[in-house]
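Understanding the architecture of this molecule
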Amino acid sequence: MPALPPMSFSERPGVIPGPRSGTRNPVGVITLDPGPASSAGQVYCGGDETQTVLALAPRLYHRFVTAPSTESRSVWQMSRAGSLDRLRQRNERIGSPAPGEARVSVRAIGLNFADVFSCLGLYSATPSGPFIPGLEFSGVVEDVGQPPACAPSTGISPWHPGDRVVGLTRFGAYATSLNVDVRYLDHLRPDWSFADGAAYPVQALTAWYGLNRLGGLKPGDAVLVHSAAGGVGLNALAMIRTR
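Residues numbered from 1 in each chain as written. Predicted model: local features only at pLDDT ≥ 70, side-chain atom pairs only at ≥ 80, totals over all residues. Heavy atoms only, no water.

**Overview of the overall build of the protein chain**
- When you go through the protein chain residue by residue, the secondary structure sums to 6 helices and 11 strands.
- Of all 243 residues assigned to the protein chain, the portion counted as buried reaches 44%.
- When contacts within the protein chain are restricted to residue pairs at least 6 apart in sequence, long-range pairs at least 24 apart make up 73% of them. (Helix = DSSP H or I, 4+ residues; strand = E, 2+ residues; numbered from the N terminus. Buried < 20%, exposed > 50% of the residue type's maximum accessible area, 1.4 Å probe, protein only. Contact = heavy atoms within 4.5 Å.)

**Observations concerning the confidence of the model for the protein chain**
- Residues with a pLDDT of 70 or more make up 67% of the protein chain, whose mean pLDDT is 77.
- Summarising per-element confidence for the protein chain, the mean pLDDT is lowest in strand S1 (residues 13-15) (32) and highest in strand S9 (residues 164-168) (97).
- When the criterion is pLDDT under 50, residues 33-55 qualifies, and its contacts beyond four places in sequence or with other chains add up to 61 contacts.
- Low confidence marks residues 61-68, where pLDDT is under 50. Its contacts with residues over four positions away, or in another chain, come to 35 contacts. (pLDDT = per-residue confidence, 0-100.)

**Brief notes about the packing of aromatic side chains**
- The full count for this structure, using the stated rule, is 3 aromatic pairs.
- Seen from their ring centres, phenylalanine 113 and phenylalanine 117 are 6.0 Å apart, and the 40 degrees between their planes marks the pair as tilted. Taken together, the residues span about one helical turn, with phenylalanine 113 and phenylalanine 117 both in helix H3 (residues 113-120) at a distance of 4 residues.
- Accessibility expressed as a relative area gives 36% for phenylalanine 117, which makes it partly exposed.
- With a centroid separation of 5.2 Å and 65 degrees between ring planes, the pair formed by tryptophan 192 and tyrosine 200 is classed as edge-to-face.
- The ring of phenylalanine 194 carries the charged tip of arginine 164 above its face, separated from the ring centre by 4.9 Å. (Phe/Tyr/Trp six-rings, centres within 6.5 Å; stacked < 30°, edge-to-face > 60°. Lys NZ or Arg CZ within 6 Å of the ring centre and 35° of its normal.)

**Notes on unusual backbone geometry**
- With phi around 70 degrees, phenylalanine 171 is a residue other than glycine that occupies positive phi space.
- By secondary structure assignment, the location of phenylalanine 171 is in the loop between S9 and strand S10 (177-181).
- The exposure class of phenylalanine 171 is buried, given its relative accessible area of 10%.

**Notes on the nonpolar core**
- Membership of the largest hydrophobic core comes to 27 residues, with the highest contact counts inside it found for Val104, Phe137 and Leu185.
- Per-element tally for this core: the top contributor is strand S7 (residues 101-110), with 4 residues.
- Within the second largest apolar cluster, 6 residues are counted, among which are Ala204, Ala207, Leu217 and Ala236. (Core = buried A, V, L, I, M, F, W, Y, C linked by side-chain atoms within 4.5 Å.)

**As for a nonpolar patch on the surface**
- Side chains of Phe113, Phe117, Leu120, Leu122 and Tyr123 sit close together on the surface and give an oily, nonpolar patch of about 430 Å² of accessible area.
- Looking at where leucine 122 falls in the secondary structure, it is placed in the loop between H3 and strand S8 (136-144). (Patch = residues over 30% accessible without salt bridge, like charges linked within 9 Å, V, L, I, M, F, W, Y side chains within 5 Å. Areas by Shrake-Rupley, 256 points an atom, 1.4 Å probe, with all protein chains shown as cover. Salt bridge = Lys/Arg side-chain N within 4 Å of Asp/Glu carboxyl O.)

**Here we look at the pairing of S9**
- Relative to S9, S8 runs antiparallel, the two sharing 5 bridges. Note on S9: the bridge partner recorded for valine 140 is arginine 164.
- Examined bridge by bridge, S9 and strand S11 (residues 185-187) share 3 bridges and lie antiparallel to one another. Residue pairing for S11: valine 166 is matched across the bridge by aspartate 186. (Pairing = 2+ DSSP bridges.)

**Description of the packing of helix H5 (residues 201-214) against helix H6 (residues 231-241)**
- Between H5 and H6, whose axes approach to 8 Å, the crossing angle comes to 55 degrees. Considering the angle they form, H5 stands oblique to H6. Where H5 crosses over H6, the handedness of that crossing is right-handed. Contacts between H5 and H6 pair Gln203, Ala204, Thr206, Ala207, Trp208 and Leu211 from the former with Gly231, Val232, Asn235, Ala236, Met239 and Ile240 from the latter.
- Of the residues contributing to the contact of H5 with H6, the split by class is 8 nonpolar, 4 polar and no charged. (Axes fitted to C-alpha atoms, helices over the stretch in contact; angles between N-to-C directions. Parallel < 35°, antiparallel > 145°, perpendicular 65-115°, else oblique. Left-handed = near helix turned anticlockwise from the far one by under 90°. Nonpolar A, V, L, I, M, F, W, Y, C, P; charged D, E, K, R; others polar.)

If you want it as structure tokens, here you go:
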């Protein structure tokens, strides 16, 4: 395995904006160099989450190996939840995207408390057996499957190889590439980096769900946001101000 460059930890204000917001918040992001000689990524951590995410980040960093071909991928897999020591890197084949899927070459992944809690077995949605952590990512579309049978037959795919995207997955993002349902992809804004995109979905959607689906937020409501200094809180404040 090639020698690894020094680990880079720094405070990085990830951009967490709503449609008309410039809110910034320290986030944990791991970026993967897509070059053929890539052997490591950079880990950005900030705020009160630093000590927690640093427990997981070095394992991902030191196990990142030379990028595989498009027929295979590197993943970071837990044999089962309970200890971060069970996180292992391995290479495996990746098939063509199924109907309704796209294969994305991952450039950055979010690193959340939920990821650490999943590995420790403290998250109720964690699979009982082996699993690949990771809920959010950004990257570049490599291949697109056929439209699903239930989709209207337009003959036009909304995604094409080379598209920059941000996406969600129910575990599985800690990989150099993955096949994902195209319904959980969105275009990465032109002014966003891959790190910005990977840091956005979980926090923003958590805030949106709490305010709208659970809280039934309406114009004119008075809202008290607890712990508003974190990523979810800052997103919630930005969304409230647009009402």
